[in-house]
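Observations on the three-dimensional arrangement
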Amino acid sequence: MAFFKFLNTAELEEFSTALATDLGRRFPPASEARTDPGASHQLKVILEGLAARAVRYHDQKRLGIYGKAKLGNVFKWKLTELGYSKGFVEHATKELVTRLAVRKK
């Protein structure tokens, strides 16, 4: 049934997990301690790239409010699981979800 398609979130969870894993690979939790300007620029560029991927996924799959919330939550919990601090997780998730909400390309 097409109506219950939104309940099948396995693909969405896989995509969200891949985004968080990619962040973990490109900016490991140990990098949080870096205070140099290069680190903040690197993080900004990485988060912009991840947000752009999320927006493309959103456009392809036409995520509704539930789908966007699910993407953000899975991303958030995966970052927490990877060992990032609570503040970092909140910041990264907010960047991603805000970009999805405004759908800026």
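This report concerns the structure included in the present document. (Residues numbered from 1 in each chain as written. Predicted model: local features only at pLDDT ≥ 70, side-chain atom pairs only at ≥ 80, totals over all residues. Heavy atoms only, no water.)

With that settled, the discussion passes to the pattern of salt bridges. Counted by the stated rule, this structure contains eight salt bridges. The salt bridge involving K61 is made with E11; its shortest N-O contact spans 2.9 Å. Taken together, the residues span a long stretch of sequence, with K61 in helix α2 (residues 37-61) and E11 in helix α1 (residues 10-26) at a distance of 50 residues. Note on E11: relative accessible area 45%, which makes it partly exposed. With a shortest N-O distance of 3.0 Å, K76 and E90 are connected by a salt bridge. Of the two residues, K76 sits in helix α3 (residues 65-82) while E90 sits in helix α4 (residues 86-102), which places them 14 residues apart along the sequence. Judged by relative accessible area, E90 falls into the partly exposed class, the value being 35%. A single salt-bridge network, built from bridges that share partners, covers D22, R25, R26 and R53. (Salt bridge = Lys/Arg side-chain N within 4 Å of Asp/Glu carboxyl O. Helix = DSSP H or I, 4+ residues; strand = E, 2+ residues; numbered from the N terminus. Buried < 20%, exposed > 50% of the residue type's maximum accessible area, 1.4 Å probe, protein only.)

What follows is about the packing of α3 against α4. For any two helices packed against each other, one specifies the crossing angle of their axes together with the interaxial distance. Look at α3 against α4: their axes get within 10 Å of each other, and the N-to-C directions meet at 160 degrees. The orientation of α3 relative to α4 falls into the category roughly antiparallel. Considering only the axes of α3 and α4, their crossing is right-handed. Here α3 contributes K68, L71, G72, F75, K76, L79 and T80 to the contact with α4, which in turn contributes V89, E90, A92, T93, L96, V97 and L100. Residue classes in the contact of α3 with α4 are distributed as eight nonpolar, three polar and three charged. (Axes fitted to C-alpha atoms, helices over the stretch in contact; angles between N-to-C directions. Parallel < 35°, antiparallel > 145°, perpendicular 65-115°, else oblique. Left-handed = near helix turned anticlockwise from the far one by under 90°. Contact = heavy atoms within 4.5 Å. Nonpolar A, V, L, I, M, F, W, Y, C, P; charged D, E, K, R; others polar.)

Leaving glycine aside, a negative phi is the common case for residues, and trans is the common case for peptide bonds. Unusually for a residue other than glycine, R62 sits at a positive phi of about 50 degrees. If you trace the backbone, R62 turns up in the loop between α2 and α3.

Core analysis: the largest hydrophobic core is formed by 25 residues, its most contacted members being L19, L23, L71, F75 and L79. For this core, the secondary structure elements donating two or more residues are α1, α2, α3 and α4. The biggest single contributor to this core is α2, with nine residues. Not counting residues within four places of it along the chain, the set of residues in contact with L79 comprises A20, L23, Y84, V89, A92 and T93. (Core = buried A, V, L, I, M, F, W, Y, C linked by side-chain atoms within 4.5 Å.)

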